[in-house]
Amino acid sequence: MAETLAALKLLHRGVGGNPAERRWLDVHLPAYRWQLAADPVTAPLVRTAIGGSWNATFVTPTPTPRSAPAAPVAEAEFAEELAQVRGTPARTAREDLAEARGGPLPDVLRRDDLPARTADLLEWTWTTAVLPSWPQRRRTVEADIVARTAQLGRGGWAAALADLRPGMRWLGGSRLQITAHDHPPRQLAGAQLMFVPVTPRQSWVCWDTSAVRAGRYAVVYPCSGVLAEAGRARAPEALGRLLGPARADVLALLGAPKTTTQLVALTGQGLGSVGRHLKVLFDARLVQRRRTGRSVLYFRTEAGEVLLRAQSEMG
């Protein structure tokens, strides 16, 4: 659901922050705009729910912690989260929308079917614009989780949260600033705080207010493991002479953890070639690997970082 809402927010904004987002918008934005043009209620509903500086709370349910799902399971879990949005009481939805708008709702939104309309649009976004690329999105999210976990182990919370989202920083003393806006602090002793990466450059905070789920909070943030784009900087020439250009390119791409499949897509090399390069780099202790879900992620070791940095400074 978080990935789908982030995609919907990107569609609403209509401007991509990188080439991958712009290509995605080229494909899906016309159909999205047609959807809104055909419905005089959903367009103002979306603007009010996610178009301002504050999201309507019922649109951002807090995720339930799970292990990394396979694609068929993800569909079932999305349906479960969608049902939560669809089942929001009409009065609660209107109150959340009024809070997001910062004032009374226009007449067009004073109705009881707002949760159902919101769920319908989220379901369309998931089915049309997210599900077809879900396996790649999931691998990217998993790569970010591995990278953040490594940062946490090396530098503590301050390092892991340094670039999570604008306005967020670790203050020490069990205090976390999540936004630059002036809001009263919340005491979360005993609560569950989750960090949820999404691939679009979107971020928000969500929490559950129901008696059943009270005490669960989440920070949704843009992950750092998105595949590099065409025109990326190649490995230093000196490193290419040392390792061979193809192997050096693989090492250069592993600043953020990636799967073999991602490396094949980025380098244009065959699966067998990438696998052989990774084995050599792994045996030389220049890369390490870690299994997450069904994927194996590769990332540079400290020795690999030192080697790349030294060659970059020379070249």
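Above: the structure in question.
Residues numbered from 1 in each chain as written. Predicted model: local features only at pLDDT ≥ 70, side-chain atom pairs only at ≥ 80, totals over all residues. Heavy atoms only, no water.

Asker: Could you clarify how one ought to interpret the packing of helix H3 (residues 42-50) against helix H6 (residues 114-130) in this entry?
Answerer: Pairs of packed helices are described in terms of their axes, by the angle between the two and the distance that separates them. Two numbers describe how H3 lies on H6: the axes approach to 11 Å, and their chain directions differ by 85 degrees. In terms of axis orientation, H3 runs roughly perpendicular to H6. Of the residues in H6, those in contact with Thr42, Leu45 and Val46 of H3 are Leu114, Arg117, Thr118 and Leu121. Here the contact of H3 with H6 is built from residues that sort into 4 nonpolar, 2 polar and 1 charged. (Axes fitted to C-alpha atoms, helices over the stretch in contact; angles between N-to-C directions. Helix = DSSP H or I, 4+ residues; strand = E, 2+ residues; numbered from the N terminus. Parallel < 35°, antiparallel > 145°, perpendicular 65-115°, else oblique. Contact = heavy atoms within 4.5 Å. Nonpolar A, V, L, I, M, F, W, Y, C, P; charged D, E, K, R; others polar.)

Asker: Before we go on, may I ask you to explain the environment of glutamate 77 in this structure?
Answerer: Residue position: glutamate 77 is located in helix H4 (residues 71-86). Through-space distance from the C-alpha of glutamate 77 to that of leucine 45 is 25 Å; in sequence the pair is 32 residues apart.

Asker: Honestly, the pattern of salt bridges in this entry has me stumped. Any pointers?
Answerer: Note on pairing: side chains with opposite charge can pair once their charged atoms come close. Considering all chains together, one arrives at 13 salt bridges under this definition. Between glutamate 3 and arginine 137 there is a salt bridge; the shortest N-O distance is 2.5 Å. Residue glutamate 3 is found in helix H1 (residues 2-13), and its partner arginine 137 is found in helix H7 (residues 134-160); the two are separated by 134 residues along the sequence. Taken individually, glutamate 3 and arginine 137 each receive the classification buried, so the pair is uniform in this respect. Salt-bridge contacts for arginine 91 lead to glutamate 95; the nearest nitrogen and oxygen are separated by 3.2 Å. Here arginine 91 and its partner glutamate 95 are both found in helix H5 (residues 90-101), 4 residues apart, which amounts to about one turn of the helix. Note on arginine 91: relative accessible area 59%, which makes it exposed. Overlapping salt bridges bring together Asp39, Arg111, Asp113 and Arg117 as one network. (Salt bridge = Lys/Arg side-chain N within 4 Å of Asp/Glu carboxyl O. Buried < 20%, exposed > 50% of the residue type's maximum accessible area, 1.4 Å probe, protein only.)

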